[in-house]
Amino acid sequence: MSVASADVAEYATWLGDDSLILAQRLGELISRAPELEEDVALGNIALDLLGHARSLLQYAGTATAQNEDDLAYWRTEPDFRSAHLMEQPNGDFAHVIARQLVSAHYLYELYARLQASADLTLAAIAAKAVKEVNYHRDHAAQWTLRLALGTDESRRRMVAALSDVWPYVDELFRDEPFIDRLDGIAARPSTLRTAFDAAIEPVLAEADLAVPRGFTAAGGGRRGVHSEHLAFVLAEMQVLTRAHPGAKW
Amino acid sequence: MTASVEEQQFTDLIAADSRIEPRDWMPDAYRKTLVRQISQHAHSEIIGMQPESNWITRAPSLKRKAILIAKVQDEAGHGLYLYSAAQTLGTSRDEMTDALIAGRARYSSIFNYPAPSWADIGSIGWLVDGAAICNQVPLCRASYGPYGRAMVRICKEESFHQRQGFEILLELMQGTAAQREMAQESVNRWYWPALMMFGPPDDDSPNSAQSMKWKIKRHSNDELRQRFVNMLVPQAAVLGVTLPDPDLRFNEATQLYDLGEIDWTEFHEVLAGRGPANAQRLQRRRDAHDDGRWVREAAAAYAHKMAAKPATDTADADVPNEAAS
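Quick caveat: nothing in here was measured; it's all calculated off a predicted structure. (Residues numbered from 1 in each chain as written. Chains lettered and ligands numbered in written order. Predicted model: local features only at pLDDT ≥ 70, side-chain atom pairs only at ≥ 80, totals over all residues. Heavy atoms only, no water.)

A.B. asks: Would you mind showing me how to read the overall build of chain A here?
C.D. replies: Looking only at helices and strands, one finds 10 helices and 0 strands in chain A. Of the regular secondary structure in chain A, the N- to C-terminal order runs α-α-α-α-α-α-α-α-α-α. On C-alpha atoms alone, chain A measures out to a radius of gyration of 18 Å, which is about the 18 Å that the 2.2 N^0.38 rule sets for 249 residues. With respect to the principal axes defined by its C-alpha atoms, chain A has extents near 55 × 40 × 30 Å. A buried classification covers 59% of the 249 residues belonging to chain A. (Helix = DSSP H or I, 4+ residues; strand = E, 2+ residues; numbered from the N terminus. Rg over C-alpha atoms; globule rule 2.2 N^0.38 Å. Buried < 20%, exposed > 50% of the residue type's maximum accessible area, 1.4 Å probe, protein only.)

A.B. asks: How should the packing of aromatic side chains be read in this particular structure?
C.D. replies: What characterises a pair of aromatic rings is the spacing of the ring centres plus the angle enclosed by the ring planes. Applying the stated criterion across every chain, the model contains 16 aromatic pairs over all chains. Where A:Phe93 meets A:Trp143, the ring centres are 5.0 Å apart and the plane angle is 85 degrees; that geometry is what we call edge-to-face. With A:Phe93 in helix H5 (residues 93–114) and A:Trp143 in helix H6 (residues 120–149), the pair connects residues that are 50 residues apart, well separated along the chain. A single burial state applies to A:Phe93 and to A:Trp143, both of which are buried. The rings of A:Tyr106, A:Trp166, A:Phe173 and A:Phe196 are connected pair by pair, giving a single aromatic cluster. Between the NZ or CZ atom of B:Arg58 and the centre of the ring of B:Trp55, over which it lies, the distance is 3.7 Å. (Phe/Tyr/Trp six-rings, centres within 6.5 Å; stacked < 30°, edge-to-face > 60°. Lys NZ or Arg CZ within 6 Å of the ring centre and 35° of its normal.)

A.B. asks: Explain the pattern of salt bridges to me, please; I cannot follow it from the model alone.
C.D. replies: Note on pairing: side chains with opposite charge can pair once their charged atoms come close. Residue and element names in this part refer to chain A. Overall, the coordinates contain 30 salt bridges over all chains when judged by the stated rule. The partner of Arg137 in a salt bridge is Glu109, with the nearest N and O atoms 3.8 Å apart. With a gap of 28 residues between them, Arg137 in helix H6 and Glu109 in helix H5 connect regions that are remote in the sequence. Taken as a pair, Arg137 and Glu109 share a single burial class, namely buried. As a salt-bridge pair, Arg157 and Glu153 come within 3.0 Å of each other at their nearest N and O atoms. Of this pair, Arg157 and Glu153 both sit in helix H7 (residues 152–165), 4 residues apart, which is roughly one turn of that helix. Overall, Arg157 belongs to the partly exposed group, its relative accessible area being 21%. One salt-bridge network, in which partners are shared between bridges, spans Asp92, Glu153, Arg156 and Arg157. (Salt bridge = Lys/Arg side-chain N within 4 Å of Asp/Glu carboxyl O.)

A.B. asks: Sorry if this is basic, but what is going on with H7(A) here?
C.D. replies: Counting along an α-helix, one turn takes 3.6 residues, and residues three or four places apart therefore face a common direction. Taking 1.5 Å as the rise per residue, H7(A) with 14 residues should run 20 Å; its terminal C-alpha atoms sit 20 Å apart, in good agreement. Looking at the buried residues of H7(A), the elements they touch are helix H4 (84–87), H5, H6, helix H8 (169–172) and helix H9 (193–206) of chain A together with helix H12 (293–308) of chain B. (Expected span 1.5 Å × (residues − 1). Contact = heavy atoms within 4.5 Å.)

A.B. asks: What is the right way to read the side chain of A:Arg99 from this model?
C.D. replies: Residue and element names in this part refer to chain A. Considering the arrangement of structural elements, one finds Arg99 in helix H5. For the buried Arg99, no salt bridge is present, and the opposite-charge side chain at shortest range is Glu28, 6.8 Å distant. A polar side-chain atom of Arg99 sits 2.8 Å from a polar atom in the side chain of Asn90. Apart from the residues lying within four places of it in its own chain, the contact partners of Arg99 are Leu22, Arg25, Leu26, Leu85, Gln88, Pro89, Asn90 and Val165. (Lys, Arg positive; Asp, Glu negative; His and termini not counted. Polar contact = N/O pair within 3.5 Å; in protein donor to acceptor, adjacent residues only side chain to side chain.)

A.B. asks: Is there a simple way to think about the side chain of A:Ser31 in this case?
C.D. replies: Relative to the helices and strands, A:Ser31 resides in the loop between helix H1 (6–27) and helix H2 (36–61). According to the relative accessible area criterion, A:Ser31 is buried, its value standing at 1%. Within the structure, A:Ser31 has its side chain in polar contact with the side chain of B:Ser53 (distance 3.1 Å). For A:Ser31, the contacting residues outside a window of four places in its chain are A:Asp39, B:Met49, B:Gln50, B:Ser53, B:Arg284, B:Arg285 and B:Ala288.

It is worth stressing that arrangement in space is one thing and function is another; only the former is reported here.
This is how it looks when you write it as structure tokens:
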């Protein structure tokens, strides 16, 4: 693996942290899903995302001679770069699906674009990831339809979930100044929005769901400003490792 | 009394070591025994996800986290194959699930022990999956076809699970003093319950004889337990852990290990619902089932609406379903 520059490492950390925190959230659900088939499906998705996170964090770590575990377990909250969407608690299954619908559509557009990155490591990671998040997109879209068009209760829950999740969409497409230095390497977030909207809107239309209007969360994850939830996620994820500095597992 | 033609065919198939398939006639008792055994096995896979999923969010490295997610996911998959195998005998998954969450069905008592330490993920793989493999490899030749075939795939995955458990413990035993202590403490807790997984001693195992006659079961409980210990002793030496049985020694005459006394009172207590985590395991399964009801209802309602739509309409995926709004 080539050595990432400081800027590329910062960008790989954005992407790696998004996948890591989302995988961590989905990991909470395994053995608690509404059907055994969903335990398998959510486990699969978590595993894919964790795989992406590991590749991205390994690459980010090359800039500072750290490995994936140094980055996952020994950074503190302000050093994480995850978007607030990925940090949101699972809530009910409709909230899980709403978060999956948005994140998978975002990640798909991101990796589809990043396959053409001038950075060959990022391009290779993206080429593998795009196929997997395409399945995640389909999984979320199918469930969005079932929940939105199933029963009165499921529809009520799906509508509420989408409107709870939607305020966190904007942050995914916000450019941070350092992105200017990664022209041709990073997928500039703001330029992914059109494709995201074009892909997600037909799913919402088929599910007879309106694009929610209302709050837009201030975000800040890319600058290390996180939701209240992240500290709890990290506390749980890091507790054992931090109790045994220097240990191998 | 002479056997009916069907019964004779069944007996001949068993005698010829052939497979009984779902379409074949079989005695009611054979069917009942299989449903009991296969559904218990399926429930064990599903309940068995809990002690391990307890560590997914806290796994101490990303590699371990990935392996653990894959393992727990395999267990859900095993549960699904086994429920399907049992369904071929005419019992629905819903019936089996209802029996489980109502506390009427059994599952392996081992999962009523808690996993408070990371090393327990190692011990569950090494000892619990190891014992399960000893029990299950002979089941690949079980006389009932769908069960035997499900077991072939399950055993392949279980042997991978056992190796990953061994590897977790090996890493701990080669690590810091605190990690070695963590590993030994965990093996101390899991060793005896793992031996109990083979069931009561042969002279106290009411269902065994008939199951062996039907070739569902191929070896006695004590025989399998012995085989397991023979496998463990050299592995424990490689790990550097002590098996917590001061009476364990090799018997030159029998070429087997003599074991200390197993505490069968503990076995019966846990079986009777008085183990460390029986209530918690069942509650968690019931909560997941209850919390998921509205989701399953939505999926069923949606499938029903789609099936009811005219063919031309369903072919067009972009048409919103008006009936739902």
